[in-house]
Number of protein chains: 2
Amino acid sequence: MNFEKYLKDKKIIIDKALDEFLPTEEKSPSNIHKAMRYSVFSGGKRLRPILTLATAELLGEEIETVLNTACGIELIHTFSLIHDDLPCIDNDDFRRGKPSNHKVFGEAMALLAGDALLVSGFEFIVKNAEVKGIKKRAILKVIKEISYYIGTENMLGGQVEDINPENKNITKKDLYNMYMKKTAALICASIRAGAILSGANQRQLKALARYGENIGVAFQIVDDMLDIMQDQREMKKSTYPQKYGINESKIEAERLIKEAKKSLKIFNNKAEVLDNLADYIISREK
Amino acid sequence: MNFEKYLKDKKIIIDKALDEFLPTEEKSPSNIHKAMRYSVFSGGKRLRPILTLATAELLGEEIETVLNTACGIELIHTFSLIHDDLPCIDNDDFRRGKPSNHKVFGEAMALLAGDALLVSGFEFIVKNAEVKGIKKRAILKVIKEISYYIGTENMLGGQVEDINPENKNITKKDLYNMYMKKTAALICASIRAGAILSGANQRQLKALARYGENIGVAFQIVDDMLDIMQDQREMKKSTYPQKYGINESKIEAERLIKEAKKSLKIFNNKAEVLDNLADYIISREK
């Protein structure tokens, strides 16, 4: 398969759906809509929604069946980035090479744009119920799962630990748990959402969740490696590469990707896209 | 009826459900759970969830049918208060006579606790689907409505206008629209949610929405009057009493309450509680 083309094609579909769903910049109050769109369309790779679509395809579903949910998750991801960059959290002036949301629109607007994207994310997922053939029960299960994966036991909990100064003497296990919460949780949720809406059985769901957890943690290790190598972030935080060096981080990320690909074995040779996505995560250079 | 006892009894039921749903303070990461609970249990009147319960009762439903949704809305309301108080928005050091969330837990934790309460709010509403006899379609409709009423067309949009410096020369109509978005929208959503889950027909839904809009705007006018009279807030913002004086504000609030009560006529004499709640809004002194 032409994997680069696959990614590009899916990104186009996702971007179009996001553009159609989000209020236009002209719509009042236009400043918050501008702020929301600024971060949503700032060069994201759309990894999470692509994982949702790829999972649906693997299970024999049309991507239209899960597209709204995939995009809703991308909006929720964008909310988390905007709030993470705020001065009171990471105080990052740049995101994906561009000024971060609060640098352009001010702190108040960035805060509210983040809030609005979180709300829009849920709204987009609920809209998925209008798709023909979708079971309402499945949508409710997806909302429940996503709430769990972004709540205080997972994504937001990881963020709390991330800003917690007690983190200074954390062990490898602590780091792994933090990465699991902070990053792998939403990646896992993207895959599980696609699986639930496509009627996956328990065995499939479990295998896909393990895949998601492993690529999710690997993703964050790679992210932190890239930060160190590109010197883009103050090294005030405990990260895997900061604690164990670039070389050991690379080995650990490769091990996780191998584990992830192992989980896909139950799908025989049908999981080529997810297999490629796992490799993509470790090979990316930005 | 003994209306004071009614309010007290309902508040006890709501507080118990909130306490059982929210993670305990001991649960890790405990600092965010402490921050969430601090604001949820800081003396709120529970007006919004009581409106949801009272609407269900008016339509002949048990309060258990709508209790989770009622509480979910209260969590969403609490999220909005925490974020509104943050330095970058209203910079309020006090809320309900106590130090505001960020004064106790710091800005980062207050931001994340607000985010987590918004997520928990949706989670609580989804949990309502587990109640026997509840239609899944009704829950999805409620989530869709609540997303709309707290989104950029309503609550968050009102907040944007509130911080927008262009607001300095606003007309009476602008003020009314801002109050509608900022405050009446979520009050209206509380009532509509109760109505939808109780199987209200279109005529009932419309009447209840009008009731909600009117008491919601009246609520905000009274709030601003109390702020001026108690001198608790800097008068940097355009409010009804600041622009038209206490006396005219009182007359306008009374007119809105009268309008609200008029909408209840279609329920003949069965809407005693909502009738009392309308009077309560205008007579409250804190």
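Since the structure is predicted, the reported quantities are computational estimates derived from the model, not experimental observations.

## A short note on the overall build of chain A
Then step 1. Each helix and strand in chain A was counted, giving 12 helices and 2 strands.
Then step 2. For 286 residues, the compact-globule formula gives about 19 Å, and the C-alpha radius of gyration of chain A, at 18 Å, lands near that figure.
Then step 3. Seen through its C-alpha atoms, chain A measures out along the principal axes to roughly 50 × 50 × 35 Å.
Then step 4. When each of the 286 residues of chain A is scored for burial, the buried share is 52%.
Then step 5. A fraction of 70% describes how many contacts in chain A between residues 6 or more apart in sequence connect residues 24 or more apart.

## Here's the deal with the confidence of the model for chain A
Then step 1. A residue-level look at chain A finds 96% of positions with pLDDT of 70 or above and a mean pLDDT of 94.
Then step 2. The ipTM assigned to the predicted complex is 0.96, against a pTM of 0.96.

## Focus on the packing of helix α10 (residues 202-230) of chain A against helix α12 (residues 272-283) of chain A
Residue and element names in this part refer to chain A.
Then step 1. Here α10 crosses α12 at 20 degrees, and the two axes come no closer than 8 Å. Viewed along their axes, α10 and α12 adopt a mutual orientation that is roughly parallel. Here the hand of the crossing between α10 and α12 comes out left-handed. For the pair α10 and α12, the contacting residues are Y211, I215, A218, F219 and V222 in the first and L274, A278, I281 and I282 in the second.
Then step 2. Residue classes in the contact of α10 with α12 are distributed as 9 nonpolar, no polar and no charged.

## Let's talk about the environment of B:V217
All names here are of chain B.
Then step 1. Looking at the secondary structure, you find V217 in helix α10 (residues 202-230).
Then step 2. The sequence separation of V217 and H33 amounts to 184 residues, and the corresponding C-alpha distance is 32 Å.
Then step 3. If sequence neighbours within four positions are ignored, V217 has contacts with Y176, Y179, M180, A184 and L256.

## Side note on the relation of the copies chain A and chain B
Then step 1. Superposing chain A onto chain B requires a rotation of 180 degrees together with a translation of 0.0 Å along the rotation axis, leaving an RMSD of 0.0 Å. What the superposition gives is, in effect, a two-fold axis relating one chain to the other. By C-alpha distance to the rotation axis, the residue of chain A lying nearest is A:K136, at 3.1 Å.
Then step 2. A symmetric contact is evident, with 100% of the interface residues of chain A recurring at the interface of chain B.

## Brief notes about the packing of helix α1 (residues 3-21) of chain A against helix α4 (residues 67-85) of chain A
Packed helix pairs are characterised by how far apart their axes lie and by the angle those axes make with each other.
Residue and element names in this part refer to chain A.
Then step 1. Put simply, α1 and α4 touch, their axes get as near as 10 Å, and they point 80 degrees apart. Put simply, α1 runs roughly perpendicular to α4. Of the residues in α4, those touching α1 at I14, A17, L18 and F21 are L67, A70, C71 and E74.
Then step 2. Residue composition of the contact of α1 with α4, by class: 7 nonpolar, no polar and 1 charged.

## Describing helix α6 (residues 107-127) of chain B
Then step 1. Look at α6(B): 30 Å from first C-alpha to last across 21 residues, which is about the 30 Å you get at 1.5 Å a residue.
Then step 2. Most of α6(B) sits out of view: 19 of its 21 residues are buried.

## Structural notes on the nonpolar core
Then step 1. Among the nonpolar cores identified, the biggest contains 180 residues, and A:A113, A:A218, B:A113 and B:A218 are the most heavily contacted of them.
Then step 2. Beyond its immediate sequence surroundings of up to four residues, A:A113 is in contact with A:I32, A:A35, A:M36, A:I82, A:N101 and A:F105.

## Quick notes on unusual backbone geometry
Then step 1. In this structure, A:P29 follows A:S28 across a cis peptide bond, with omega equal to -5 degrees.
Then step 2. In this structure, A:P29 sits in the loop between α1 and α2 (30-40).
Then step 3. Here the phi dihedral of B:R46 falls at roughly 65 degrees; this positive angle occurs in a residue that is not glycine.
Then step 4. We classify B:R46 as buried; it has 22 C-beta atoms within 10 Å.

## A few points about the environment of B:V142
All names here are of chain B.
Then step 1. Inspection of the secondary structure assignment puts V142 in helix α7 (residues 136-150).
Then step 2. Distance from V142 to A189, taken between C-alpha atoms, is 8.5 Å for residues 47 residues apart in sequence.
Then step 3. When near neighbours in sequence (up to four residues on either side) are disregarded, V142 contacts T69, I125, A193, I196 and L197.

Reading the values: rules and limits
- Residues numbered from 1 in each chain as written.
- Chains lettered and ligands numbered in written order.
- Predicted model: local features only at pLDDT ≥ 70, side-chain atom pairs only at ≥ 80, totals over all residues.
- Helix = DSSP H or I, 4+ residues; strand = E, 2+ residues; numbered from the N terminus.
- Rg over C-alpha atoms; globule rule 2.2 N^0.38 Å.
- Buried ≥ 20, exposed ≤ 12 C-beta atoms within 10 Å, placed from the backbone.
- Contact = placed C-beta atoms within 7 Å.
- pLDDT = per-residue confidence, 0-100.
- Axes fitted to C-alpha atoms, helices over the stretch in contact; angles between N-to-C directions.
- Parallel < 35°, antiparallel > 145°, perpendicular 65-115°, else oblique.
- Left-handed = near helix turned anticlockwise from the far one by under 90°.
- Nonpolar A, V, L, I, M, F, W, Y, C, P; charged D, E, K, R; others polar.
- Least-squares fit on C-alpha atoms with pLDDT ≥ 70 in both.
- Expected span 1.5 Å × (residues − 1).
- Core = buried A, V, L, I, M, F, W, Y, C linked by C-beta atoms within 7 Å.

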